[in-house]
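One-letter residues, chain by chain:
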Amino acid sequence: MREILRAFDRLVTGMAYVSGALFLLTSFYITADVMARKFLGFSSAVTDEIGGYTLALGGMWGLAYALRTGGHVRIDVLLPYLPQRAQSSLNYLALAMMGLFACVVAVYTWRLAFDSFMGDARAMSFLQTPLFLPQSLMAVGLTALGLGALVLITAGLAESVRLGRLAPLRPLRGEEVGTGSAGRA
């Protein structure tokens, strides 16, 4: 299980780095385009489109990393007041529901990308980007999120079998599995 967690950690960390680099490069591009428009009188005319693709891809590719590191926003009003067993059960349920949702959306996004590829659908813009490209890259991010939920649930259940009781879910990094570090998923 540790090897699976380490491999998944490497995958989602790489996706997060690509996402961050993409946001950084896009910010430089937008800055250069705005400066050129202001001082040189010309524009690339595709800044909005590039920014939209970056937001979609970067956002989707960062989701699994946020799940893995406990970065998703949670509002716990009643959960801290419940017994530990109820907290753990609800955390497993929440993670399973989120994973199911991510998988359903990923399936439909993959279908959309396939249909766009088969129909040669293109953006109605200056670039006329083949739509299957951003759609399939978004689907990769959603798929990683769904797999991340499955990996975390599987790791939690394996830990539960080892302990002989329901183990709490934690946003553990692969090398921390079994060391009892704190956190919530």
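What counts as what
- Residues numbered from 1 in each chain as written.
- Predicted model: local features only at pLDDT ≥ 70, side-chain atom pairs only at ≥ 80, totals over all residues.
- Heavy atoms only, no water.
- pLDDT = per-residue confidence, 0-100.
- Helix = DSSP H or I, 4+ residues; strand = E, 2+ residues; numbered from the N terminus.
- Axes fitted to C-alpha atoms, helices over the stretch in contact; angles between N-to-C directions.
- Parallel < 35°, antiparallel > 145°, perpendicular 65-115°, else oblique.
- Left-handed = near helix turned anticlockwise from the far one by under 90°.
- Nonpolar A, V, L, I, M, F, W, Y, C, P; charged D, E, K, R; others polar.
- Patch = residues over 30% accessible without salt bridge, like charges linked within 9 Å, V, L, I, M, F, W, Y side chains within 5 Å.
- Areas by Shrake-Rupley, 256 points an atom, 1.4 Å probe, with all protein chains shown as cover.
- Salt bridge = Lys/Arg side-chain N within 4 Å of Asp/Glu carboxyl O.
- Expected span 1.5 Å × (residues − 1).
- Buried < 20%, exposed > 50% of the residue type's maximum accessible area, 1.4 Å probe, protein only.
- Contact = heavy atoms within 4.5 Å.

Visitor: Would you mind going over the confidence of the model for the protein chain with me for this structure?
Guide: Note that predicted coordinates carrying low pLDDT should not be read in detail. Looking at the protein chain, the pLDDT average stands at 87 and 91% of residues meet or exceed 70. Confidence, expressed as mean pLDDT per element, reaches its minimum in the protein chain at helix 2 (residues 47–69) with 92 and its maximum at helix 3 (residues 84–118) with 94.

Visitor: Help me understand the packing of helix 1 (residues 2–40) against helix 2 in this model?
Guide: Relative orientation and spacing of two packed helices are given, respectively, by the angle between their axes and the distance between those axes. At a minimum axis separation of 8 Å, helix 1 and helix 2 run at an interaxial angle of 155°. The angle between helix 1 and helix 2 places the two elements in the roughly antiparallel class. In this structure, the crossing between helix 1 and helix 2 has a hand that is left-handed. Taken together, the residues of the contact of helix 1 with helix 2 break down into 16 nonpolar, nine polar and three charged.

Visitor: Before we go on, may I ask you to explain a nonpolar patch on the surface in this structure?
Guide: A surface patch of nonpolar side chains, amounting to about 730 Å² of accessible area, comprises Leu82, Leu90, Leu93, Met97, Leu100, Val104, Val107 and Tyr108. Structurally, Val104 is set in helix 3.

Visitor: Just to check I follow, could you spell out helix 1 for this structure?
Guide: Owing to its 3.6 residues per turn, the α-helix brings residues three or four apart onto one side. For helix 1, built from 39 residues, the straight-helix expectation of 57 Å at 1.5 Å per residue is met to within 8% by its first-to-last C-alpha distance of 55 Å. When we look at burial in helix 1, the residues that qualify are Leu5, Phe8, Asp9, Val12, Thr13, Met15, Ser19, Thr26, Asp33 and Ala36. Next to the buried residues of helix 1 lie helix 2 and helix 4 (132–163). Residue Gly41 follows helix 1 closely and has a positive phi angle near 80°.

Visitor: What's the story with the packing of helix 2 against helix 4 in this structure? I'm lost.
Guide: Contact geometry of helix 2 with helix 4 gives a least axis separation of 8 Å together with a crossing angle of 10°. Judged by the inter-axis angle, helix 2 sits roughly parallel to helix 4. Here Tyr53, Ala56, Leu57, Met60, Trp61, Leu63, Ala64, Leu67 and Arg68 of helix 2 come into contact with helix 4, specifically with Pro134, Leu137, Met138, Val140, Gly141, Leu142, Ala144, Leu145, Gly148, Ala149 and Leu152. Its residues assigned to classes, the contact of helix 2 with helix 4 shows 17 nonpolar, two polar and one charged.

Visitor: Looking at this structure, how should I read unusual backbone geometry?
Guide: Trans peptide bonds make up the majority, and among non-glycine residues the majority have a negative phi. Positioned with a positive phi, Asp120 is a non-glycine residue whose angle comes to about 50°. Along the chain, Asp120 falls in the loop between helix 3 and helix 4. With relative accessibility at 49%, the residue Asp120 sits in the partly exposed group. Here Gln128, not a glycine, exhibits a phi torsion of approximately 50°, which is positive.

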